[in-house]
Amino acid sequence: MNTRIKQAIIEAARAQPAEEICGLIYQTLEGVHIHPSPNVTRDEEGVARTFELDAGAYIAAAEAGRLLGVYHSHALDGSVAFSEADIEMADELELPFYLFC
């Protein structure tokens, strides 16, 4: 992952430290890009403590270029390791996952 993409993900995660942010990384002829996705998972308090990509964001990124991976963050009180759900989703999507904690 290049530094520009990594920095964009870090900035997005730091802008919402109490919630998990997520999105897709894709490539076009012009380079590598991120496509932020709304996190459609909310707990009873309305906070995103896990993540689920928005289907529309997934489709938009796939139509824009070749999917390279999925990124997400763990909230400040979250684990610094991939969860079982993260691993299962990575296997299902057959894409690398990138995590910012």
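Above: the structure in question.
> How would you sum up the overall build of the protein chain? Please name residues and give values.
When helices and strands are tallied, the protein chain shows three helices and four strands. When its helices and strands are written in sequence order, the protein chain yields α-β-β-α-β-α-β. Buried positions account for 35% of the 101 residues belonging to the protein chain. When contacts within the protein chain are restricted to residue pairs at least 6 apart in sequence, those whose partners lie at least 24 apart make up 60%.

> Report on the nonpolar core, specifying residues and quantitative values.
Counting residues in each nonpolar core, the largest one holds eleven residues, listed as Cys22, Leu24, Tyr26, Phe51, Leu53, Ala61, Leu67, Val70, Ala90, Leu95 and Phe97. Elements that contribute at least two residues to this core include exactly strand S1 (22–28) and strand S3 (66–73). For this core, the element with the most residues is S1, which contributes three residues. Those residues in contact with Phe97 that lie beyond four places of it in its chain are Phe51, Val70, His72, Phe82, Asp86, Met89 and Ala90. Ranked by size, the runner-up nonpolar core spans seven residues in total, among them Ile5, Ile9, Ile25 and Val32.

Rules used throughout
Residues numbered from 1 in each chain as written. Predicted model: local features only at pLDDT ≥ 70, side-chain atom pairs only at ≥ 80, totals over all residues. Heavy atoms only, no water. Helix = DSSP H or I, 4+ residues; strand = E, 2+ residues; numbered from the N terminus. Buried < 20%, exposed > 50% of the residue type's maximum accessible area, 1.4 Å probe, protein only. Contact = heavy atoms within 4.5 Å. Core = buried A, V, L, I, M, F, W, Y, C linked by side-chain atoms within 4.5 Å.

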